[in-house]
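# Understanding the architecture of this molecule
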Amino acid sequence: MANPVNERARLLSNDPVGPRLYLMRLETPIIAKTTRPGQFVHLQIPAADAHILRRPFCVYARDAEAGTIDVLYQVVGEGTRLLAKATPAVVDATGGMSVLGPLGNSWAAVDEAQSGSGLHVLLVGGGVGAAPLYLLAEDLIDAGCAVDVVLGAQTEDALVTRERFAALLGREPACATDDGSYGRPGFCTTLSQEALDAGCSVDGAPFDRVCVCGPDPLMKIVAAQAHEAHVPCEVSTERRMACGIGACLSCVVETTDGLKRSCADGPIFDAEKVVW
Amino acid sequence: MANPVNERARLLSNDPVGPRLYLMRLETPIIAKTTRPGQFVHLQIPAADAHILRRPFCVYARDAEAGTIDVLYQVVGEGTRLLAKATPAVVDATGGMSVLGPLGNSWAAVDEAQSGSGLHVLLVGGGVGAAPLYLLAEDLIDAGCAVDVVLGAQTEDALVTRERFAALLGREPACATDDGSYGRPGFCTTLSQEALDAGCSVDGAPFDRVCVCGPDPLMKIVAAQAHEAHVPCEVSTERRMACGIGACLSCVVETTDGLKRSCADGPIFDAEKVVW
Amino acid sequence: MAENTDSRAHIRETSVSLAVNLGGLPMKNPVTDASGTFAAGREFSAFVDVAELGAVTTKGVSLNGWQGNAAPRIAETPSGMLNSIGLQNPGVAHLMADELPWLKSQGATAIVNVSGHSFDEYVQVIEALEDADAVGAYEVNISCPNVDEGGMTIGTDPASVQKVVGACRRATKRPLIVKLTPNVTDVAEIARAAVSAGADALSLINTVLGMAVDAERRRPQLARVVGGLSGPCVKPIALRQVWEVHNAVDVPLLGMGGISSGIDAIEFMLCGATAVAVGTANFVCPTATVDVANGIIDYCERQGVSDVAELIGGLQC
Amino acid sequence: MAENTDSRAHIRETSVSLAVNLGGLPMKNPVTDASGTFAAGREFSAFVDVAELGAVTTKGVSLNGWQGNAAPRIAETPSGMLNSIGLQNPGVAHLMADELPWLKSQGATAIVNVSGHSFDEYVQVIEALEDADAVGAYEVNISCPNVDEGGMTIGTDPASVQKVVGACRRATKRPLIVKLTPNVTDVAEIARAAVSAGADALSLINTVLGMAVDAERRRPQLARVVGGLSGPCVKPIALRQVWEVHNAVDVPLLGMGGISSGIDAIEFMLCGATAVAVGTANFVCPTATVDVANGIIDYCERQGVSDVAELIGGLQC
Ligand SMILES: Cc1cc2nc3c(=O)[nH]c(=O)nc-3n(C[C@H](O)[C@H](O)[C@H](O)COP(=O)(O)OP(=O)(O)OC[C@H]3O[C@@H](n4cnc5c(N)ncnc54)[C@H](O)[C@@H]3O)c2cc1C
Ligand SMILES: Cc1cc2nc3c(=O)[nH]c(=O)nc-3n(C[C@H](O)[C@H](O)[C@H](O)COP(=O)(O)OP(=O)(O)OC[C@H]3O[C@@H](n4cnc5c(N)ncnc54)[C@H](O)[C@@H]3O)c2cc1C
Ligand SMILES: Cc1cc2nc3c(=O)[nH]c(=O)nc-3n(C[C@H](O)[C@H](O)[C@H](O)COP(=O)(O)O)c2cc1C
Ligand SMILES: Cc1cc2nc3c(=O)[nH]c(=O)nc-3n(C[C@H](O)[C@H](O)[C@H](O)COP(=O)(O)O)c2cc1C
Ligand code: FES
Ligand code: FES
């Protein structure tokens, strides 16, 4: 892994893209070059000095040449509410936004794909958890994998990653919405189960890997489905983080190997090892 | 006095005008209409949620028609440092700046000028203390007074109110600079003494009033000079303020009538009553 | 300051039942101001209608008045402030002649915050106030230095607390709220002492002892060196102590410390507060009391809470 | 994490004399990290060169290691945070096998923060560490709950403090720093107890007990309900206690609590701290320790201070 750095980033854009969803583009030349799929950045909320903790977000997309990264985020609390208000002018006026990264490990699937060949990988993303799977899909396809994507969201307009995935895959990802406004009505775990049952949509071969990112309950169900199907599965954990670099032990994940730090030993863990 | 209001102001401009000096224009239609000379506004520092206290600033100029007020301020600490960084875009993005005002009393000289006639008034402003004298000069001249102005500053480029006063008076105010870069070298108390000795520059008549604003030591000296010359003198006090409206007793000024609240009983006090 | 009803903030209509009872004091809603941050309300009457508040808590009053401390009396700190006003007040006679009649004329409920430098002084202040009909309850501030005990803060010693509260209890039948200091090892112990001596309710927290330094001039920022910390920064400490006291005694609590929104108030109620006081936030925004009340209404409506009293002590852990 | 010297922050050259002596521990400058916020430094080595710091204070270590508390373990509060890590640590053997040799290889000075659930455990941890040559000083954290005394925090009772400090004192000749808890009525009394039992230096403050609530879900934000408050919000409390302790005892003090800039550090030194520790600020910015040291240099150069030790206790009041 590349050393993390603390970049003073310009905010290039920060726009609403769905219900409580925002897409932010940051100018972080070093992080844009060095981030691997699944890694995250730890952001300081701009112009909010009472909010001292950084906020962790996965990198959704990166453009090494332009030196930018994209973050897709949902407004859930005070910090993300303030983040959504940040404008390029505000961030410029406050001397840029402090972005620590790239942090954390990456999906083992990428290493495996690069050493082995022609893996069949199923990606399952719930809600905003779809974002970190995009970089993964890119790298897996580059490495010659066959990739199927299952996305779940509450409503159609929350399925904001669908088009990027469709463009990358050259076909529609399988989608489910809670309210049935798009794709299969209900939870996306039905789709992940069907995919595991049917095999890869490209050639019908059984999957070699499942990678999931989303709310804990979703990841737990998909991990169980993968276990059932004897397919190795990785999950991306989310814990409250202070340091983000492995020093404070705020972000522990219980695993069969003991307590692990989500920020430094993860966020990606072998699903078999996570004690849910 | 008009009731104070809490206006969400747009910041129209905020520009450096001298060494650590900034001129800010705020859109506060009600305050612009109701402010009397000597009154102040209590501002929330924008985009700085750890800085919970407001900061008090005198109104330098007002434009009732345009609905704007000007504040001239010096960067002295963390709050004013952050204020100087505020841009119209930042303030717009955070929903406007909270401005409480108009607060405090006004110069008795104004009432007196409006009831009596043809008063001769000497205004003495030290440093950024010159700002609150400008509105006073305007009202006094409107009321038919003869007004002389003495200004002191550290350097020529800190004499930022000089031109506005010159335009208003139709002649140059008497100026002193600590470093001698403009006007009389040394402190402006030499000039105030000379003025008291010589009488009003308009017609040589003795002054009926002295109004001073500036650092405490300056006000103390000028008050003594006025006392010596048997001229009534008012001073504008500066104390650390929390509420700004007379409730918390943070801002007390010791007077011969007991402790008074600078924010509500002042900021203007009869110099004879202040216990320096 | 003349009335200007149009520009004042108002507590909005709601079907949520907001009334609570604070140890015998009926409050139309759970929101009062924190003593010393609101004077007796008059200075805020251009911004809020004090009659709409659950009560108005007046600034600490002593028998013959105190001069308070030297200036500077305040300093800003991260998300908070320090004060060393030193309980400046003009004495109980002035309160009765001037402030209480005004509060009564406004239709406000008054909680009178009582201070003293000796056990006797507390009692004498209460005795004087027994003649005033506009007093809804007393809030006894035991964070004052006591000259009887060598200047020690009464509120840090259970025996002194019992003594002063007992004496005040014998002086009145009105609801007696005892205001605790947070600067103790075990606030529950102090709370039990106050209740055993007859407190009808407890209020907490008073300010936390703190200090600020002007590094450039190498001087303390406050003339009295040390002062009381308040504002959002102390909220975690206040919530913890309200929770501890709620688990230790059975009387209702008036919670305060850094409350600036309805959500903050709800947090205190969930930890066991029956009512809440808004202090430093009044300096941040002069409509803070009303804003907090409206925020409580918003929360209850959003969460389907029909009676705000359901929330008291409702923390699930 | 591989070295990447180019992007690290460094303490700059200065003619100001920065060395201080903390109760027998020579420090090349007054800046260390606050225990538990820096692990043993390795995680920060992409950002700072730990050998440049006055010392590296390691995370609290117990005899056989502790699991710590359930998650969530942290919450954000206004200008601060709460933590209930619960002193999770892998035990003293791991520290000696893994962390201390690394610190030594870096050329860093180590202060080892020692915790225990009984008087004996403290002593056993120190006895184990006496075999390690890379220990510059011990910092005994007396804010741990003590099973010998029914779970009470040792650091809140002068007799327990004397007992544990005395026992540690007998176990070592190395500099013994005792870390005080701020959650007491009278910190000076505790400080005197620690010094009378043989402490060479005192460090303060540890975290302030606090709590945070998730109003929407009506649950505490921390799994353990109550946690320790740290960060800028506690600085006024910390400065006050450092000042009180400085006026009460004669040993050097290691000041901490909300330090995030050189000016903050100077404030602590003026109140009586010989050295300072940077804690929560490391989470805000991973170069905080070095930034604080450089800020101290800036201040000294601007003010013409040739030896930083001149500032210790230099507050004028
Ligand atoms: C490795 C990692 C990657 C993430 N990637 C994304 C992403 O790409 N897009 C996205 O929308 N969200 C992502 N999250 C979640 C995101 O960090 C939280 O939604 C955000 O921190 C909430 O901040 P807040 O101030 O709005 O919430 P508040 O609830 O007000 O925050 C209070 C505290 O809790 C923490 N917190 C609250 N919710 C979470 C959460 N779900 N996970 C971790 N900490 C939390 C905050 O960081 C803060 O310290 C990620 C989290 C982690 C750990
Ligand atoms: C009625 C009144 C009118 C004023 N008018 C002007 C003006 O027109 N232009 C101008 O430049 N300044 C004016 N001042 C002074 C101005 O308020 C302070 O310079 C400013 O508050 C400093 O804030 P800070 O955060 O930069 O300083 P810091 O020192 O960081 O502030 C810390 C605290 O001290 C208070 N404080 C610091 N210095 C002063 C001071 N000199 N007077 C009052 N409080 C202070 C701050 O408000 C804050 O609460 C006025 C003050 C008062 C009381
Ligand atoms: C300026 C000021 C003056 C105060 N005066 C008193 C007082 O007279 N009596 C009292 O019991 N508490 C007094 N307090 C304490 C407050 O009532 C309250 O307990 C404390 O400030 C915590 O609440 P807050 O954080 O909302 O301000 C005062 C607080 C401040 C800030
Ligand atoms: C996450 C975290 C873990 C901590 N762990 C320890 C510890 O193991 N031992 C200890 O004595 N203090 C511990 N502390 C307290 C700090 O060392 C320090 O005393 C306190 O945080 C105040 O300093 P600060 O405001 O700079 O963080 C911890 C603090 C935090 C925030
Ligand atoms: S956030 Fe500090 S160890 Fe993970
Ligand atoms: S600032 Fe509150 S009384 Fe003057």
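Being a predicted model, the structure only gives us computed values, none of them experimental. (Residues numbered from 1 in each chain as written. Chains lettered and ligands numbered in written order. Predicted model: local features only at pLDDT ≥ 70, side-chain atom pairs only at ≥ 80, totals over all residues. Heavy atoms only, no water.)

## Some details on the overall build of chain C
Scanning chain C from N- to C-terminus turns up eight helices and 16 strands. For 317 residues, the compact-globule formula gives about 20 Å, and the C-alpha radius of gyration of chain C, at 18 Å, lands near that figure. When its C-alpha atoms are laid out on the principal axes, chain C stretches across 50 × 50 × 45 Å. The buried share among the 317 residues of chain C stands at 66%. Relative to all contacts within chain C whose residues are 6 or more apart in sequence, the contacts with residues 24 or more apart total 71%. (Helix = DSSP H or I, 4+ residues; strand = E, 2+ residues; numbered from the N terminus. Rg over C-alpha atoms; globule rule 2.2 N^0.38 Å. Buried < 20%, exposed > 50% of the residue type's maximum accessible area, 1.4 Å probe, protein only. Contact = heavy atoms within 4.5 Å.)

## Observations concerning the interface of chain C and chain D
Taken together, the 44 residues of chain C in the interface contact 44 residues of chain D. When chain C packs against chain D, close to 3700 Å² is buried across both sides, 61% of that on carbon and sulfur atoms. Between the two partners, chain C and chain D, sit two salt bridges. Between Arg302(C) and Glu216(D) there is a salt bridge whose closest N-O contact spans 2.5 Å. Summed over the shared surface of chain C and chain D, the result is 18 residue pairs in polar contact (both at pLDDT 80 or more). (Buried area = accessible area lost by both parts, 1.4 Å probe. Salt bridge = Lys/Arg side-chain N within 4 Å of Asp/Glu carboxyl O. Polar contact = N/O pair within 3.5 Å; in protein donor to acceptor, adjacent residues only side chain to side chain.)

## Describing unusual backbone geometry
A cis amide bond links Gly266(A) with the next residue in sequence, Pro267(A), at an omega value of 10 degrees. Within the fold, Pro267(A) resides in the loop between β15 (258-261) and β16 (268-270). Residue Leu204(D) is joined to Ile205(D) through a cis peptide bond whose omega torsion reads 5 degrees. Position of Ile205(D) among the secondary structure elements: in the loop between β10 (201-204) and β11 (208-211). Positive phi outside glycine occurs at Arg20(B), with the angle close to 55 degrees. Here Arg20(B) lies in the loop between β1 (5-18) and β2 (21-27). Of note, the phi angle at Leu87(D) is positive, near 55 degrees, even though the residue is not glycine.

## What about the domain arrangement of chain A?
Residues and elements named next belong to chain A. Taken domain by domain, chain A consists of domain 1 (5-103) and domain 2 (108-273). One C-alpha centre belongs to domain 1, the other to domain 2, and the line joining them spans 22 Å. On the side of domain 2, 24 residues touch domain 1, which itself brings 26 residues to the contact. Of the roughly 2000 Å² buried at the junction of domain 1 and domain 2 (both faces included), carbon and sulfur atoms supply 65%. For domain 1, the biggest contributors to the area lost against domain 2 are Pro37, Tyr60 and Leu72; these three give 29% of the whole. Where domain 1 packs against domain 2, one counts three salt bridges. Asp111 is the salt-bridge partner of Arg36, the closest N and O atoms lying 3.1 Å from each other. The interface formed by domain 1 and domain 2 holds four residue pairs in polar contact (both at pLDDT 80 or more) in total. Of all elements in the fold, only β1 (5-18), β2 (21-27), β3 (40-43), β4 (55-58), β5 (61-63), β6 (68-74) and β7 (97-103) reach the threshold of two or more residues within the side of domain 1 that touches domain 2. Grouping the constituent residues of the side of domain 1 that touches domain 2 by class yields 16 nonpolar, five polar and five charged. (Domains from an automatic or database assignment. Nonpolar A, V, L, I, M, F, W, Y, C, P; charged D, E, K, R; others polar.)

## Side note on the relation of the copies chain C and chain D
The transform that puts chain C on chain D rotates by 180 degrees and translates by 0.0 Å along the axis, for an RMSD of 0.0 Å. What the rotation and shift describe, once combined, is the action of a two-fold rotation axis. Taken together, the interface assignments show that 100% of the residues at the interface of chain C recur at the interface of chain D, consistent with an identical surface on both copies. (Least-squares fit on C-alpha atoms with pLDDT ≥ 70 in both.)

## Details of the sheet that holds β3(A)
Residue and element names in this part refer to chain A. Strand order in the open sheet made by the seven strands is β4-β3-β7-β1-β2-β6-β5, with antiparallel pairing throughout. On the outer flanks of this sheet lie β4 and β5, each paired with one strand and no other. On average, each strand axis in the sheet is inclined to that of its neighbour by 35 degrees, with strand direction left out of account. As defined by bridge partners, β5 adjoins β6 across three bridges and the pair is classed as antiparallel. Residue pairing across strands places Ala61 opposite Asp70, the latter belonging to β6. Along the sheet face, helix α2 (residues 78-85) touches β1, β2, β3, β4, β6 and β7 and points at about 130 degrees away from the line of β6. Packed on one face of the sheet, helix α5 (residues 131-142) meets β4, β5 and β6 and runs near 55 degrees to β5. (Pairing = 2+ DSSP bridges. Axes fitted to C-alpha atoms, helices over the stretch in contact; angles between N-to-C directions.)

## Quick look at the site of ligand 1
Residues and elements named next belong to chain A. Taken together, 19 residues form the shell around ligand 1, and within it Arg55, Pro56, Gln74, Gly79 and Thr80 come nearest. One of the backbone nitrogen or oxygen atoms of Gly77 is found 3.0 Å away from an oxygen atom of ligand 1. Protein chains shield 86% of the accessible area of ligand 1, which is 820 Å² for the free molecule. At four residues, the largest contribution of residues to the shell around ligand 1 is made by β4. Of the residues assigned to the shell around ligand 1, the class counts are ten nonpolar, four polar and five charged. (Near = heavy atom within 4 Å. Areas by Shrake-Rupley, 256 points an atom, 1.4 Å probe, with all protein chains shown as cover.)

## Let's talk about a negative patch on the surface
Residues and elements named next belong to chain C. Negative charge collects at one region of the surface, where Asp120, Glu127, Glu130, Asp131 and Asp148 lie side by side. With respect to the helices, strands and loops of the structure, Glu130 is situated in the loop between α2 (119-129) and β8 (137-141). Looking at Glu130, the relative accessible area reads 31%, which means it is partly exposed. (Patch = residues over 30% accessible without salt bridge, like charges linked within 9 Å, V, L, I, M, F, W, Y side chains within 5 Å. Lys, Arg positive; Asp, Glu negative; His and termini not counted. Charge placed at Lys NZ, Arg CZ, Asp CG, Glu CD.)

## Focus: the interface of chain A and chain B
If you look at the interface, chain A gives eleven residues, while chain B gives eleven residues. With both sides pooled, the region where chain A packs onto chain B buries about 780 Å², and carbon together with sulfur makes up 61% of that total. For the pair chain A and chain B, the interface holds zero salt bridges. Here chain A is connected to chain B by five residue pairs in polar contact (both at pLDDT 80 or more). It is helix α3 (residues 88-93) of chain A that contributes the most residues to the side of chain A that touches chain B, three residues altogether. Of the residues assigned to the side of chain A that touches chain B, the class counts are seven nonpolar, two polar and two charged.

## Comments concerning the sheet that holds strand β11 (residues 208-211) of chain C
In spatial order, the strands read β5-β6-β14-β11 (chain C); together these four strands make up an open sheet with antiparallel pairing. In this open sheet, the two strands that pair with only one neighbour each are β5 (74-77) and β11 of chain C. Neighbour-to-neighbour, the strand axes of this sheet turn through a mean angle of 40 degrees, independent of strand direction. The sheet contact formed by β5(C) and strand β6 (residues 80-83) of chain C spans four bridges and is antiparallel. Counted as the bridge partner of Ala75(C) is Leu82(C) from β6(C). Strands β5, β6, β11 and β14 (226-230) of chain C of the sheet are contacted by helix α5 (residues 235-246) of chain D, whose axis makes an angle of about 75 degrees with β11(C).

## Some words on the state of the cysteines
All names here are of chain D. One pass over the structure, following the stated rule, counts zero disulfides over all chains. Cys317 carries a free sulfur, and the closest cysteine sulfur to it, the one in Cys271, is 8.2 Å from it. In this structure Cys317 comes out as exposed when scored by relative accessible area, which is 61%. (Disulfide = S-S within 2.5 Å.)

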